[in-house]
Amino acid sequence: MSTIEADLSAPLTDAEVQRIREDFPILRTEVNGHPLAYLDSGATSQRPLAVLDAERAFATGMNSAVHRGAHTLAAEATELFEDARASVARFVGADDDEIVWTSNATEAVNLVAYSLSNASLGRGGAASESLRLGPGDEIVTTEMEHHANLIPWQELAARTGATLKVIPLDDHGALRLDAAAELITARTRLVAFTHVSNVLGVINPVADLVGLARRAGALVLLDACQSAPHLPLDVKALDVDFAVLSGHKMLGPTGIGALYGRRALLEIMPPFLTGGSMITTVTTTTAEYLPPPQRFEAGTQRVSQAIALAAAVDYLTAVGMPRIAAHEAAFGARLVDGLSAIDGVRVLGAGIDLPRVGLASFDVDGIHSHDLGQYLDDLGIALRVGHHCAQPLHRRLGITSSTRASTYLYTTDAEVDAVIAGVAGAIDFFRRGA
Amino acid sequence: MSDLQNLYQELVLDHSRTPHGYGLREEIRAQSHQLNPTCGDEVTVQVHRAADGTVEAIAWEGHGCAISQASASMLADLAEGLTVDDLEGRIASFREAMRSRGKIQPDEEMLGDAAALGGVSKYVARVKCAMLAWVAAEDALAKSTV
């Protein structure tokens with residue numbers, strides 16, 4: 001008798017991808033007379049029925065406010081809301097009380113920036129003293145960041161008098177670790193960088209950067225928006241202090257994101273947004289705050305979104321993150337090889353010697369990304385054009401915009417090949433008569 | 001002709017590849033810089049006037065998609081020799097056609113080569129590309145009369 005053991009890290013089979021696609025009604029849509037080929041999951045992913053059903057089941061059977069009210073529905077809603085937190089915590093390797101709900105990843109970054117800013121003003125008292133920033137202190141980020149992991153640090157530096165330093169890129173677009181080693185010093189208080197570039201698709205060497213930050217005694221914030229949906233993620237194994245997540249990029253709804261924060265840090269951080277739901281005792285002149293995570297969750301919470309996001313991570317876990325990662329890595333290679341083979345196409349970061357996810361951005365000589373995107377849309381192919389909220393990265397690579405194809409667990413080989421063929425067709429179309 | 005071919009007519013591609021009026025002048029009378037923040041496309045337009053007040057030339061520089069580049073080039077062709085009132089009227093006419101969602105065909109007599117951009121109005125997301133230089137010219141004219 002033999003036993004068949006499933007390979008937990010094997011790419012998804014064609015039959016499995018077809019079954020997965022049946023869970024995503026939008027993938028049956030026609031666009032401009034063609035079946036939709038959705039290659040913009042890096043911007044926002046599609047939602048499976050399980051996610052939509054979870055939100056609907058909550059709205060139709062349990063909708064009520066959480067953490068208040070003595071009635072049955074309120075108790076059920078609170079339980080589901082906290083279960084959802086536990087699901088997301090498990091998904092990223094955190095403890096339940098280390099996950100703070102936010103509206104999106106941008107708000108999660110701002111939560112940290114404003115909390116440090118408030119600590120710098122003396123809020124949080126002596127407990128928050130170790131978080132204070134001022135002149136002479138330095139914040140380090142990188143030239144490849146999404147604007148959401150750059151501008152909050154520009155503003156924090158401006159408010160506190162700290163200095164923002166930026167790890168530069170080499171000519172391929174890779175982070176220059178030699179420069180990082182010089183920039184991250186005893187003056188560095190926080191290092192903020194992305195796990196996976198939303199433009200290049202490369203997986204950054206987290207361990208190297210965390211090592212530099214640790215030696216300098218600096219905190220680390222990891223932008224996990226492009227990694228959590230696509231790779232197994234363990235914030236404890238990566239040894240980061242903070243990580244930010246975006247729900248709508250990982251099969252969840254819009255309006256929900258999360259901050260992972262190491263418990264010991266969250267406990268000493270003063271709040272960002274204040275108001276209801278985050279307090280213990282309030283007088284007309286003072287307030288005392290709840291412990292984290294509630295300290296950072298002022299106002300009515302995004303209950304149905306949190307529950308739907310939990311359904312999304314359950315869906316991803318059931319398929320298996322290592323398998324999803326393997327499925328998409330093959331697309332990354334296929335995109336880089338297929339597009340690079342076309343005369344006049346430059347895949348951004350193609351020369352970087354790092355593993356990559358199933359995402360590639362490219363520049364076509366003489367054809368603007370908007371025109372290229374328009375041509376591909378006519379074929380039913382949806383992808384992203386523009387600067388992808390990463391102007392400094394594009395400027396470093398000598399361009400103002402690019403076209404990005406990004407895949408997910410529901411993407412097929414045929415869709416990736418359609419992008420490659422479509423780009424070749426666009427070149428013929430726009431060069432006609434020239 | 002498909003919508004896509006109608007959007008990117010040969011005339012549009014020709015203008016985008018060899019734009020007219022490209023290159024800013026040192027003497028600046030009336031100038032406007034316009035940026036489309038969603039894509040980073042930008043254009044700077046100068047309106048140069050003759051002694052009698054008519055538009056002697058439109059000079060511009062910028063970068064962007066074929067639609068935005070062709071549109072600036074066509075505007076430069078159109079504007080030469082017009083009175084300011086006439087140019088403003090034609091800009092208004094172009095805007096009306098662009099915002100019509102395909103209902104109003106641009107008038108070739110009034111808009112010259114820019115009438116070939118009629119296909120843009122069906123693509124709401126691209127109207128801003130076509131309008132960028134025209135908005136800049138309008139702004140430059142408004143500044144010049146202040």
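Treat the numbers as computed from the prediction; the structure is a model and nothing was measured.

Draft legend 1. Region of the structure containing the overall build of chain B. Across its full length, chain B holds 6 helices and 3 strands. For chain B, the α and β elements follow one another from N to C terminus as α-α-β-β-β-α-α-α-α. Here the C-alpha atoms of chain B give a radius of gyration of 14 Å, agreeing with the 15 Å that 2.2 N^0.38 yields for 146 residues. Its C-alpha atoms put chain B at 45 × 30 × 25 Å along the principal axes. The proportion of buried residues among the 146 residues of chain B is 45%. Put simply, of all contacts in chain B between residues at least 6 apart along the chain, 60% involve residues at least 24 apart.

Draft legend 2. A look at helix 7 (residues 206-216) of chain A. Residues and elements named next belong to chain A. Along helix 7, the residues that are buried comprise Val 206, Leu 209, Leu 212 and Ala 213. Buried residues in helix 7, looked at end-on, bunch into an arc of 135°, giving them a common side. Within two residues after helix 7, Gly 217 carries a phi angle of roughly 75°, on the positive side.

Draft legend 3. The arrangement of the interface of chain B and chain A in detail. If you look at the interface, chain B gives 12 residues, while chain A gives 13 residues. No other element matches helix 2 (residues 10-17) of chain B, which puts 3 residues into the side of chain B that touches chain A. Partitioned by chemical class, the residues of the side of chain B that touches chain A number 6 nonpolar, 4 polar and 2 charged.

Draft legend 4. Just unusual backbone geometry, in detail. All names here are of chain A. Residue Pro 293 is bonded to the preceding Pro 292 through a cis peptide linkage, with omega at 5°. Looking at where Pro 293 falls in the secondary structure, it is placed in the loop between strand 12 (287-289) and helix 10 (303-319). Look at Leu 251: it is not a glycine, yet its phi comes out positive at around 75°. Structurally, Leu 251 is set in the loop between strand 9 (242-246) and strand 10 (257-261).

Draft legend 5. The nonpolar core, seen in detail. Counting 180 residues, the largest nonpolar core has Ile307(A), Leu75(B) and Ala137(B) as the members making the most contacts within it. For this core, the two domains that each supply at least three residues are domain 1 (14-47 + 320-431) and domain 2 (54-317) of chain A. If near-sequence neighbours (up to four positions away) are discounted, Leu75(B) is found in contact with Ile58(B), Ala114(B), Ala133(B), Trp134(B) and Ala137(B).

Draft legend 6. Local environment of the domain arrangement of chain A. Residues and elements named next belong to chain A. Entries for chain A in the domain assignment read domain 1 (14-47 + 320-431) and domain 2 (54-317). Of the residues lining the interface, 30 residues belong to domain 1; the matching set on domain 2 comes to 29 residues. Put simply, the parts of the chain that give the side of domain 1 that touches domain 2 at least two residues each are helix 11 (321-340), strand 14 (359-364), helix 13 (391-396) and strand 17 (402-406). Per element, the largest residue contribution to the side of domain 1 that touches domain 2 is 6 residues, and it comes from helix 11. Grouping the amino acids of the side of domain 1 that touches domain 2 by side-chain chemistry returns 16 nonpolar, 9 polar and 5 charged.

Draft legend 7. Layout of the packing of helix 12 (residues 369-378) of chain A against helix 14 (residues 413-431) of chain A. Residue and element names in this part refer to chain A. Viewed as axis vectors pointing N to C, helix 12 and helix 14 meet at an angle of 115°, and their least axial separation amounts to 10 Å. As far as their axial angle goes, helix 14 and helix 12 are roughly perpendicular. Crossing handedness for the pair helix 12 and helix 14: right-handed. In this structure, helix 12 contributes Asp 371, Leu 372, Tyr 375 and Leu 376 to the contact, and helix 14 contributes Gly 422, Val 423, Ala 426, Phe 429 and Phe 430. Taken together, the residues that form the contact of helix 12 with helix 14 break down as 7 nonpolar, 1 polar and 1 charged.

Draft legend 8. Seen up close, the sheet that holds strand 13 (residues 345-347) of chain A. Residues and elements named next belong to chain A. Here we have 4 strands laid out as an open sheet, ordered 13-14-17-16, and antiparallel in their pairing. Whereas interior strands pair on both sides, the edge strands pair on one side only; in this sheet they are strand 13 and strand 16 (384-386). Across the sheet, the mean angle separating the axes of adjacent strands is 25° when strand polarity is ignored. In this sheet, strand 17 lies alongside strand 16 in antiparallel orientation, the contact comprising 3 bridges. Looking across to strand 17, one finds that Val 385 is bridged to Thr 403.

Draft legend 9. How the structure looks around the environment of Leu87(B). All names here are of chain B. Relative to the elements of secondary structure, Leu 87 occurs in helix 4 (residues 84-98). Overall, the presence of 23 C-beta atoms within 10 Å leaves Leu 87 in the buried class. Expressed as a C-alpha distance, the spacing of Leu 87 and Gln 9, which sit 78 residues apart in the sequence, is 24 Å. With near-sequence residues (within four places) excluded, Leu 87 lies in contact with Val 55, Ala 79 and Leu 82.

Analysis parameters
- Residues numbered from 1 in each chain as written.
- Chains lettered and ligands numbered in written order.
- Predicted model: local features only at pLDDT ≥ 70, side-chain atom pairs only at ≥ 80, totals over all residues.
- Helix = DSSP H or I, 4+ residues; strand = E, 2+ residues; numbered from the N terminus.
- Rg over C-alpha atoms; globule rule 2.2 N^0.38 Å.
- Buried ≥ 20, exposed ≤ 12 C-beta atoms within 10 Å, placed from the backbone.
- Contact = placed C-beta atoms within 7 Å.
- Arc of directions from axis to C-beta.
- Nonpolar A, V, L, I, M, F, W, Y, C, P; charged D, E, K, R; others polar.
- Core = buried A, V, L, I, M, F, W, Y, C linked by C-beta atoms within 7 Å.
- Domains from an automatic or database assignment.
- Axes fitted to C-alpha atoms, helices over the stretch in contact; angles between N-to-C directions.
- Parallel < 35°, antiparallel > 145°, perpendicular 65-115°, else oblique.
- Left-handed = near helix turned anticlockwise from the far one by under 90°.
- Pairing = 2+ DSSP bridges.

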